Amino acid sequence: MSVTLNSGFKMPVVGLGVWRMEAKEIRDLIINSINIGYRHFDCAADYKNESEVGEALAEALSTGLVKREDLFITTKLWNSDHGHVVEACKDSLKKLQLDYLDLYLVHFPVATKHTGVGATGSALDEDGVLEIDTTVSLETTWHAMEDLVSMGLVRSIGISNYDIFLTRDCLAYSKVKPAVNQIETHPYFQRDCLVKFCQKHGICVTAHTPLGGGAGNVEWFSSVSALDDPVLKNLAEKYKKTVAQVVLRWGIQRNTVVIPKTSKLDRLKENFQVFDFELSKEDMNLIKKVDRKQRTNQPAKFWGIDLYA
């Protein structure tokens, strides 16, 4: 099952995110995922495992496990490379061992002090606050992203972690419209206004952290997991599915793309088994009521500054 982006290319509605995946786990993770049926993989320079993903993809392609045209590979421009877009993209392509990307995203709407292409550091000042580069505008970054399309390095370009106002601005100055806005959205952080704004203007919304981050974000950010919500647990019992499957199905029925992450084989299979049932309109409305407007992924922990404040 896929959606057609405004660029004309198709994007599978379920993908696998590789954030916080250990390098030693990547090979088996990618191969097992492809065997299960995954064709969409969400990467980023900042995840520091593009090389390992590239080795696994190269193996899958060389052994005939899958064809390149059947894969959808996303990666992202890191904050410190806003002034070096082409070089950063080529660095990611080299690590991923690919000739082109299906989707390249601006990871965050902020340019920071350059730390060297491919070196995804977050330079902090003496007070421990992120060093923001005020000489590179988001418009300049976007026009460099557009160049990647004309160069044939990237099929589609998009944004990530942009709010309504920044998304509106991008639409105003873009020659190539953003195909995707990848944002945190899940039952506890539904962001209906942003989702509907993007969809109204032909931008596909990809939900990162579609399960609310689970145990990982509870540990990192002291957030509350939606997977423990009693309403969602009751729906899981009703549909004879897991809570995660109900949440992913809810995301798909909102017309968003979901990219859950897991390194466990049983969960990989479970997260992909979401096409054999449908939530009723009443139950979709029921899930609307559990929204807590709770962001679970908060980079302020690392950057010393809350960019969402």
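The rules behind each value
- Residues numbered from 1 in each chain as written.
- Predicted model: local features only at pLDDT ≥ 70, side-chain atom pairs only at ≥ 80, totals over all residues.
- Heavy atoms only, no water.
- Pairing = 2+ DSSP bridges.
- Helix = DSSP H or I, 4+ residues; strand = E, 2+ residues; numbered from the N terminus.
- Buried < 20%, exposed > 50% of the residue type's maximum accessible area, 1.4 Å probe, protein only.
- Contact = heavy atoms within 4.5 Å.
- Polar contact = N/O pair within 3.5 Å; in protein donor to acceptor, adjacent residues only side chain to side chain.
- Phe/Tyr/Trp six-rings, centres within 6.5 Å; stacked < 30°, edge-to-face > 60°.
- Lys NZ or Arg CZ within 6 Å of the ring centre and 35° of its normal.
- UniProt positions renumbered as here; feature names shortened; annotations may be inferred.
- Axes fitted to C-alpha atoms, helices over the stretch in contact; angles between N-to-C directions.
- Parallel < 35°, antiparallel > 145°, perpendicular 65-115°, else oblique.
- Nonpolar A, V, L, I, M, F, W, Y, C, P; charged D, E, K, R; others polar.
- Expected span 1.5 Å × (residues − 1).

For the protein, an unreviewed UniProt entry supplies the name NADP-dependent oxidoreductase domain-containing protein and the organism Rubus argutus.

### Some remarks on the sheet that holds strand β9 (residues 204-208)
A sheet is described by the order of its strands in space; here 8 strands give the open sequence β3-β4-β5-β6-β7-β8-β9-β10, paired in parallel fashion. Of all the strands in the sheet, the pair left with one neighbour each is β3 (16-17) and β10 (257-258). Relative to strand β4 (residues 40-42), β3 runs parallel, the two sharing 2 bridges. By the bridge assignment for β4, leucine 16 is matched with phenylalanine 41.

### Some remarks on the environment of glutamate 146
By secondary structure assignment, the location of glutamate 146 is in helix α4 (residues 138-150). With a relative accessible area of 8%, glutamate 146 lands in the buried category. Sequence separation between glutamate 146 and valine 110 is 36 residues; the distance between their C-alpha atoms is 18 Å. Residues contacting glutamate 146, with those up to four places away along its chain left out, are Ile157, Ser174, Lys175 and Val176. In terms of polar contacts, glutamate 146 uses its side chain to reach the side chain of histidine 143, at 2.7 Å.

### Description of the packing of aromatic side chains
A full pass over the atoms with the stated rule returns 6 aromatic pairs. Each ring, one from tyrosine 38 and one from phenylalanine 272, has its centre 4.7 Å from the other, and the planes form 40°; the classification is tilted. Residue tyrosine 38 is found in the loop between α1 (23-36) and β4, and its partner phenylalanine 272 is found in helix α10 (residues 265-272); the two are separated by 234 residues along the sequence. Taken together, Tyr38, Phe272 and Phe275 form an aromatic cluster joined through their ring pairs. Geometry around tyrosine 100 places arginine 68 over its ring, the cationic atom sitting 4.0 Å from the centre.

### Here we look at unusual backbone geometry
Even without being glycine, arginine 191 reaches a positive phi, approximately 55°. Using a relative accessible area of 19% as the deciding quantity, one classes arginine 191 as buried. A positive phi angle, near 55°, is found at threonine 209, a position not held by glycine. In this structure, threonine 209 sits in the loop between β9 and α7 (214-221). Threonine 209 sits in the buried class, given a relative accessible area of 12%.

### Let's talk about helix α9 (residues 243-253)
Counting buried positions over the 11 residues of α9 gives 10, a clear majority of the element. For α9, the set of buried residues is Val243, Ala244, Gln245, Val246, Val247, Leu248, Arg249, Trp250, Gly251 and Ile252. The inward-facing, buried residues of α9 abut α8 (230-239), β10, α10 and α11 (281-288). After α9 finishes, the residue asparagine 255 shows a positive phi value of roughly 65°.

### Let's talk about the UniProt feature "site: Lowers pKa of active site Tyr" (unreviewed entry) in the protein
UniProt's entry tags Lys76 with the feature "site: Lowers pKa of active site Tyr" (unreviewed entry), counted in the numbering of this structure. Relative to the helices and strands, lysine 76 is located in strand β5 (residues 72-77). Contacts of lysine 76, omitting those with residues within four sequence positions, involve Asp42, Cys43, Ala44, Ala45, Tyr47, Tyr104, Leu105, His107 and Gln182. Reaching out from lysine 76, the side chain makes a polar contact with the side chain of aspartate 42 at a distance of 2.7 Å.

### Remarks on the packing of α8 against α9
At their nearest, the axes of α8 and α9 sit 8 Å apart, and the two run at 95° to each other. Regarding the angle of α8 to α9, the classification is roughly perpendicular. Residues Leu232, Lys233, Leu235 and Ala236 of α8 form the contact with α9, whose own contacting residues are Val243, Val246 and Val247. Residue classes in the contact of α8 with α9 are distributed as 6 nonpolar, no polar and 1 charged.

### Here we look at helix α2 (residues 50-62)
The first and last C-alpha atoms of α2 sit 18 Å apart over 13 residues, in line with the 18 Å expected at 1.5 Å per residue. Those residues of α2 hidden inside the fold are in contact with α1, β5 and α3 (85-96). Phi turns positive, to about 80°, at glycine 64, one or two residues after α2.

### Re the side chain of asparagine 49
Here asparagine 49 shows up in the loop between β4 and α2. A relative accessible area of 1% places asparagine 49 in the buried class. When near neighbours in sequence (up to four residues on either side) are disregarded, asparagine 49 contacts Val18, Met21 and Ile26.

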